[in-house]
Amino acid sequence: MKVYAHYFKDEVSKNDYRWRTLLQFGTSWNIIGSVVMKNPGSAAPLKQVEEGCLLDNLSGFSKEYEWFEFSVDNTMRCIESLFRSYYQHNVSDSELNGVIQIFNLMNVRDPNLNQAIIRNKKSFYAFSVTIDKDIANMVAPIYLGWGKLGFSSMFADNAKLVFEKTVEKFDGQYLNAKFENNLFYHPQYLMGRGKNKSQSRQLLNAFCQNSQSPK
């Protein structure tokens, strides 16, 4: 897995932002899925991508901002496991070849969610929240994993907008039609510490089969 994203650090507020994150597997640059979560966590910028074929490929996704290579964190590994399960069920092949996109309800980078929320309140940058552009760039299958954050007053409107588009435009049949009836488990819980829970197994099968009544 290689990780690339737009990145900006504000030296005044000390906030830094990561958005339009791409997890690239194999040799393909075709999009093979999308995830919408809370905010960027511990993955750190390694270096800016400044030239060559790599920059050409990344520019095919967006030319608005500079691209950076990032480290891999545990959440990204859980996303990899999630989509390996999806493709193993649907095409009998768990090998991933392409790009999984990561979008977030806010783009402030901090592994501590409470601190990220505080820092987000002080943010004045347009790319601290990029929901409209994110929706325009989403490609199915789409997993929604923002946990309880999507129900908070600060983020509920955008979460519901993403949810509605996922159900109506991107055939997200694994989701309950009523927003409040969904678990929205974060991939770290779904594929990590909570993977043996019955509700996690149910949700994973629902996503892989795109059905609320999975076998």
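Scroll up a little and you will see the structure.
In this report, we go over the structure that sits alongside the text.

Thoughts on the overall build of the protein
Step number 1: The helix and strand tally for the protein stands at seven helices and seven strands.
Step number 2: In the protein, the succession of helices and strands from N to C terminus is β-β-β-β-α-β-α-β-α-α-β-α-α-α.
Step number 3: By the burial criterion, 50% of the 215 residues in the protein qualify as buried.
Step number 4: Across the protein, every contact between residues at least 6 apart in sequence was considered, and the portion connecting residues at least 24 apart equals 72%.
Step number 5: In the form shown here, the protein has an accessible surface area of approximately 10700 Å², with 46% of it arising from carbon and sulfur atoms.
Step number 6: Charge centroids of the protein, computed over 25 positive and 21 negative side chains, lie 8 Å from each other.

Digging into the nonpolar core
Step number 1: One finds Phe83, Ile100, Tyr143, Leu144 and Trp146 to be the most contacted residues of the largest nonpolar core, which totals 52 residues.
Step number 2: Top contributing element to this core by residue count: helix α2 (residues 74-91), with seven residues.
Step number 3: Tyr4, Val49, Leu58 and Phe61 belong to the second largest nonpolar core, which has seven residues in total.

Side note on the pattern of salt bridges
Step number 1: Under the criterion given, the structure shown has nine salt bridges.
Step number 2: Residue Asp16 is joined to Arg119 by a salt bridge in which the shortest nitrogen-to-oxygen separation is 3.3 Å. With Asp16 in strand β2 (residues 16-25) and Arg119 in helix α3 (residues 113-121), this residue pair connects regions lying 103 residues apart in the sequence. Of the two residues examined, Asp16 and Arg119, each falls in the buried class.

A word on helix α7 (residues 198-209)
Step number 1: Taking 1.5 Å per residue as the helical rise, α7 with its 12 residues ought to reach 16 Å, and the 16 Å between its terminal C-alpha atoms agrees with that figure.
Step number 2: The set of residues buried in α7 consists of Ser200, Leu203, Leu204, Ala206, Phe207 and Cys208.
Step number 3: Residues of α7 that are buried sit in contact with α2, β7 (142-144) and α6 (187-193).
Step number 4: Following α7 by one or two positions, Asn210 has its phi on the positive side, about 50 degrees.

Quick notes on the packing of aromatic side chains
Step number 1: Scanning the model with the defined rule gives 24 aromatic pairs in all.
Step number 2: Measuring from ring centre to ring centre gives 5.7 Å for Phe83 and Phe207, while their planes differ by 80 degrees; the resulting arrangement is edge-to-face. In this pair, Phe83 is assigned in helix α2 and Phe207 in helix α7, connecting sequence segments 124 residues apart. For the pair Phe83 and Phe207, one class covers both residues: buried.
Step number 3: The structure contains a cluster of three or more aromatic residues connected by ring pairs, namely Phe83, Tyr86, Tyr87, Tyr143, Tyr174 and Phe207.
Step number 4: For Arg18, the ring lying beneath its charged end belongs to Phe70, and the centroid distance is 5.7 Å.

Considering the side chain of Arg109
Step number 1: Tracing the chain through its elements places Arg109 in the loop between β6 (98-104) and α3.
Step number 2: From its side chain, Arg109 meets the backbone oxygen of Ala43 in a polar contact 3.0 Å long.
Step number 3: Contacts of Arg109, omitting those with residues within four sequence positions, involve Tyr7, Asp16, Tyr17, Pro40, Gly41, Ser42, Ala43, Ala44, Pro45, Phe70 and Arg119.

Digging into the sheet that holds strand β3 (residues 31-37)
Step number 1: Spatial ordering of the open sheet is given by β4-β5-β1-β2-β6-β3-β7, a layout of seven strands whose pairing is mixed. Each edge of the sheet is formed by a strand with only one pairing partner; in this case those strands are β4 (45-49) and β7. Neighbour-to-neighbour, the strand axes of the sheet open up by a mean angle of 25 degrees, direction not taken into account.
Step number 2: For β2 and β6, the ladder comprises five bridges, and the chain directions are antiparallel. Of the residues in β6, the one forming a bridge with Leu23 is Ile100.
Step number 3: Against the sheet, α2 engages β1 (2-9), β2, β3, β6 and β7, with an angle of about 130 degrees to β3.

Definitions and limits used
Residues numbered from 1 in each chain as written. Predicted model: local features only at pLDDT ≥ 70, side-chain atom pairs only at ≥ 80, totals over all residues. Heavy atoms only, no water. Helix = DSSP H or I, 4+ residues; strand = E, 2+ residues; numbered from the N terminus. Buried < 20%, exposed > 50% of the residue type's maximum accessible area, 1.4 Å probe, protein only. Contact = heavy atoms within 4.5 Å. Areas by Shrake-Rupley, 256 points an atom, 1.4 Å probe, with all protein chains shown as cover. Lys, Arg positive; Asp, Glu negative; His and termini not counted. Charge placed at Lys NZ, Arg CZ, Asp CG, Glu CD. Core = buried A, V, L, I, M, F, W, Y, C linked by side-chain atoms within 4.5 Å. Salt bridge = Lys/Arg side-chain N within 4 Å of Asp/Glu carboxyl O. Expected span 1.5 Å × (residues − 1). Phe/Tyr/Trp six-rings, centres within 6.5 Å; stacked < 30°, edge-to-face > 60°. Lys NZ or Arg CZ within 6 Å of the ring centre and 35° of its normal. Polar contact = N/O pair within 3.5 Å; in protein donor to acceptor, adjacent residues only side chain to side chain. Pairing = 2+ DSSP bridges. Axes fitted to C-alpha atoms, helices over the stretch in contact; angles between N-to-C directions.

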